[in-house]
Amino acid sequence: TDLKRLAKWFAAHPHPRATEDLRREVDGQYESRWDLAIELAVIGDRGVLDWAVAQENAGHRHWVVDYVLARSPLADARPHVTRILESGDRSRQMNVVDAQTHSPRPDLELVERARWIFEGDPACLWMLRGRILWLVSRGVPGSDSLLARVESDLPVDGVDPMEVCF
């Protein structure tokens, strides 16, 4: 939709009035308006982050929560993202990796942490490799060396790269 395209543009070029209009459009319905909620997170909106933290603390596990936490540049999100990465829940871990690799400002340190977490799990490393290839194709600085490190962790044979890691 046009609103979603505008939201993506304003996520990359924040403006207070546009942010307020986006908040009004979402009207606290972050789960059902997930596409706009994620863009609010990218902008650094406190309301959507507070919602995600409350959901996380209440044990509500939904991919939108993971994406909002992973995409938010606010420091309050980082401990929650770290907890997800250390949780052992492959689905949630991949949500964080996916959110980061599709972020306008990917955090390669978090993606590198996933590499260590997925060590010994060839299926997850293959998925991680695919996400990092996306970063390389976008010209994200440092992603090419991260790709080389992940590729050095991959087994040479005996693994089906299409096997799902979660």
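Refer to the structure printed above.
Draft legend 1. Molecular detail of the side chain of aspartate 45. Positionally, aspartate 45 belongs in the loop between helix H3 (34–43) and helix H4 (46–57). In this structure the side chain of aspartate 45 is engaged in a polar contact, spanning 2.9 Å, whose partner is the backbone nitrogen of valine 48. Discounting residues that sit within four places of it in the chain, aspartate 45 has contacts with Arg23, Tyr30, Leu40 and Leu74.

Draft legend 2. Quick look at the side chain of glutamate 56. Relative to the assigned elements, glutamate 56 resides in helix H4. On the accessibility criterion, glutamate 56 (8% relative accessible area) is buried. Leave out the neighbours within four places in its chain, and glutamate 56 touches Arg61, Val65, Leu69, His80, Ile84 and Arg92.

Draft legend 3. Structural view of the packing of aromatic side chains. Applying the stated criterion across every chain, the model contains three aromatic pairs. Judged by centre distance (5.3 Å) and plane angle (45 degrees), the ring pair of tyrosine 30 and tryptophan 51 falls under tilted. One end of the pair, tyrosine 30, is in the loop between helix H2 (16–26) and H3; the other, tryptophan 51, is in helix H4, with 21 residues separating them in the sequence. Side by side, tyrosine 30 and tryptophan 51 carry an identical accessibility label, which is buried. Judged by centre distance (5.1 Å) and plane angle (65 degrees), the ring pair of tryptophan 34 and tryptophan 63 falls under edge-to-face. Taken together, the residues tryptophan 34 in helix H3 and tryptophan 63 in helix H5 (residues 63–71) connect sequence positions 29 residues apart. On the basis of relative accessible area, tryptophan 63 is assigned to the partly exposed category, the value being 33%. Three or more aromatic residues joined by ring pairs form one cluster here, namely Trp34, Trp63 and Tyr67. The lysine or arginine in question, arginine 115, covers the ring of tryptophan 116, its NZ or CZ lying 4.4 Å from the ring centre.

Draft legend 4. A look at unusual backbone geometry. For aspartate 27, which is not glycine, the phi dihedral falls at a positive 55 degrees. On the secondary structure map, aspartate 27 appears in the loop between H2 and H3.

Draft legend 5. View of the nonpolar core. Among the nonpolar cores identified, the biggest contains 44 residues, and Val48, Trp51, Val68, Leu69, Phe118 and Leu128 are the most heavily contacted of them. Sequence-distant contacts of tryptophan 51, defined by excluding residues within four places in its chain, comprise Tyr30, Glu31, Val64, Val65 and Val68.

Draft legend 6. Molecular detail of the environment of leucine 133. Within the secondary structure, leucine 133 is located in helix H9 (residues 122–137). By relative accessible area, which is 33% here, leucine 133 ends up partly exposed. In this structure the C-alpha to C-alpha distance between leucine 133 and aspartate 144, which are eleven residues apart in sequence, comes to 8.1 Å.

Rules used throughout
Residues numbered from 1 in each chain as written. Predicted model: local features only at pLDDT ≥ 70, side-chain atom pairs only at ≥ 80, totals over all residues. Heavy atoms only, no water. Helix = DSSP H or I, 4+ residues; strand = E, 2+ residues; numbered from the N terminus. Polar contact = N/O pair within 3.5 Å; in protein donor to acceptor, adjacent residues only side chain to side chain. Contact = heavy atoms within 4.5 Å. Buried < 20%, exposed > 50% of the residue type's maximum accessible area, 1.4 Å probe, protein only. Phe/Tyr/Trp six-rings, centres within 6.5 Å; stacked < 30°, edge-to-face > 60°. Lys NZ or Arg CZ within 6 Å of the ring centre and 35° of its normal. Core = buried A, V, L, I, M, F, W, Y, C linked by side-chain atoms within 4.5 Å.

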